[in-house]
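So the chains spell out like this:
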Amino acid sequence: MRPSHITAILKREFAAVRCGQHTPVMLWGPPGVGKSQILSQVAESFDVPLIDLRLSQLEPTDLRGIPFRVDQWVEWAIPAMLPNQRRHGPEGILFLDELTSAPPTVSAAAYQLILDRHLGEYTVPEGWAIVAAGNRHGDRGITYALPAPLANRFTHYEIEPHLGDWVTWASHQGIDQRLIGFLLYRPELLFEIEPNQTPLAFPTPRSWEYAHRALQKFADAPELLLEALQACVGPKAGLEFKTFIDNMARMPDVEAILRGEEVAIPEELDLQYGVAATLVRRAVDAMETHEAHRIYGHILDYATRLPEREMGVMLVTEMFRTIGRPLLAHPGFTKWARQVSDLMLYER
């Protein structure tokens, strides 16, 4: 399931807590696909806290608490990191990450939290949703089998990388347009891992974000950039991306396109993708400004001029993903739509 659909489901699950209809959710997916980031977005949308517990890094006492003697009895000090209505608020999300990677002694304590919403004397506040996540057995991480009684208490969703969702997120997060253009050109590299190897660095949505940071850190040290990119996404993807970046030096004048000037369309496909990604970024930057109508119009004119109509479809589709319905109201959209009326708008 694509990340945007998972986000919508989790928002409904959190809202369901308020009417007593919440069911704990288990998210399955490969490393680096953005499970933690999705939960952060959901918590932010409701303006509630997110408590993110990485179970693989905890000891049993981190959840169960430390025992102490009171007269002839032993009681347990409740860990401060667990949701508490007074400290954290009446509503929030408890995220038990890396559930399938936790040692059995730790996961046993987590099971009671999930199954019964309490652990010893501690009880999860009623307004808190519980979400867990883990890697699948085929993801080559350290995984333990999920016991059937526990698995039956979850609803299960599997997350897969989706380029369209990633491009929308990246365009709003300021990710380098060269990186967005490269992945539009080579979408299969958004997530790639060799099934018979165990690489240290490989392409994932998370590692491409690291590559974006490398572009900023090594902008003034081009002799180090290739190695820095390969350290993020692996030798093969890093080399391809560096070659793509070098070709971007021959990219046409995007500012001239945005001024409405006649600019020659590059013949190279990778340069066309680079121009498209840059134009989408400029459309996002223009949102909520007095320049938006003019810039949208010039981008739509450019899309109309593209000799390969499929490239124009890709450009306008990604533009719509990022700025939404205001694009449909622009008169330039009608002109472009007539030109491609025999093509079907599709999702990448």
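Residue numbers restart at each chain and count upward from 1, following the sequence in its written direction. For this predicted model, a pLDDT threshold of at least 70 governs which residues receive local features, and a threshold of 80 or more governs which side-chain atom pairs are given and counted, while totals over whole chains, interfaces and linings are taken from all residues. Calculation of side-chain values draws on the structure's entire complement of heavy atoms; hydrogens and water are dropped beforehand.

The name an unreviewed UniProt entry assigns to the chain is ATPase associated with various cellular activities AAA_3, from the organism Nitrosococcus halophilus.

## Here's the deal with the overall build of the chain
Put simply, the rule is: Strands here are runs of E lasting at least two residues and helices are runs of H or I lasting at least four, both read from the DSSP assignment and numbered beginning at the N terminus. Here a residue-residue contact requires only that any non-hydrogen atoms of the pair lie within 4.5 Å. Here, Shrake-Rupley sampling with a 1.4 Å probe gives the accessible areas, and only protein chains in the shown set may cover a residue. The convention is simple: Lys and Arg are positive, Asp and Glu are negative, and His and the chain ends are not counted. All charge positions are set by atom: Lys at NZ, Arg at CZ, Asp at CG, Glu at CD.
Within the chain one finds 16 helices and nine strands. Of all intrachain contacts in the chain linking residues separated by at least 6 positions in sequence, the fraction that spans at least 24 positions is 70%. When the accessible surface of the chain is split by element, carbon and sulfur atoms take 53% of a total near 17300 Å². Once the 33 positive and 44 negative side-chain charges of the chain are each reduced to a mean point, those two points are 3 Å apart.

## Observations concerning the environment of V340
Convention followed: Burial here depends on accessible area, computed with a 1.4 Å probe over protein chains only, as a share of the maximum for the residue type. Under 20% is buried, over 50% is exposed, and the range in between is partly exposed.
Along the chain, V340 falls in the segment after α16 (331-339). Overall, V340 belongs to the buried group, its relative accessible area being 5%. For the pair V340 and H88, spaced 252 residues apart in the sequence, the C-alpha separation amounts to 53 Å.

## Here's the deal with the pattern of salt bridges
Put simply, the rule is: By definition here, a salt bridge exists when the distance from a side-chain nitrogen of Lys or Arg to a carboxyl oxygen of Asp or Glu is within 4 Å.
Scanning all chains against the criterion turns up 16 salt bridges. E188 is the partner of R186 in a salt bridge, and the nearest nitrogen-oxygen pair spans 1.7 Å. On the basis of relative accessible area, R186 is assigned to the buried category, the value being 16%. The residue R186 makes a salt bridge to E240 at a minimum N-O spacing of 2.7 Å. Within this pair, whereas R186 is found in the loop between α8 (177-185) and α9 (205-217), its partner E240 is found in helix α11 (residues 235-247), the two being separated by 54 residues in sequence. Residue classification places E240 among the partly exposed residues on the basis of a relative accessible area of 25%. Shared partners join several salt bridges into a network, and the residues in it are D52, R54 and D97.

## Quick word on the packing of aromatic side chains
Inclusion rule: Side-chain rings of Phe, Tyr and Trp, where Trp is taken by its six-membered ring, are said to pair if the distance between their centres is within 6.5 Å; with planes under 30 degrees apart they count as stacked, over 60 as edge-to-face, and otherwise as tilted.
Counting across every chain of the model gives nine aromatic pairs. Ring geometry for Y185 and Y273: centres 5.6 Å apart, planes at 55°, overall tilted. With Y185 in helix α8 and Y273 in helix α13 (residues 269-286), the pair connects residues that are 88 residues apart, well separated along the chain. You can call Y273 buried: its relative accessible area is 11%. One aromatic cluster is present, formed by F182, Y185, W208, F241, F244 and Y273 through successive ring pairs.

## Looking at the nonpolar core
Put simply, the rule reads: To form a nonpolar core, buried Ala, Val, Leu, Ile, Met, Phe, Trp, Tyr and Cys residues must be joined to one another through side-chain atoms within 4.5 Å.
Core analysis: the largest hydrophobic core is formed by 62 residues, its most contacted members being W166, L183, W208, L279 and L315. For this core, the leading source of residues is α13, giving 10 residues. Those residues in contact with L279 that lie beyond four places of it in its chain are V254, I257, L258, I299, Y302 and L315. Judged by nonpolar contacts, the second largest core, of 28 residues, contains I51, L63, L94 and A102.

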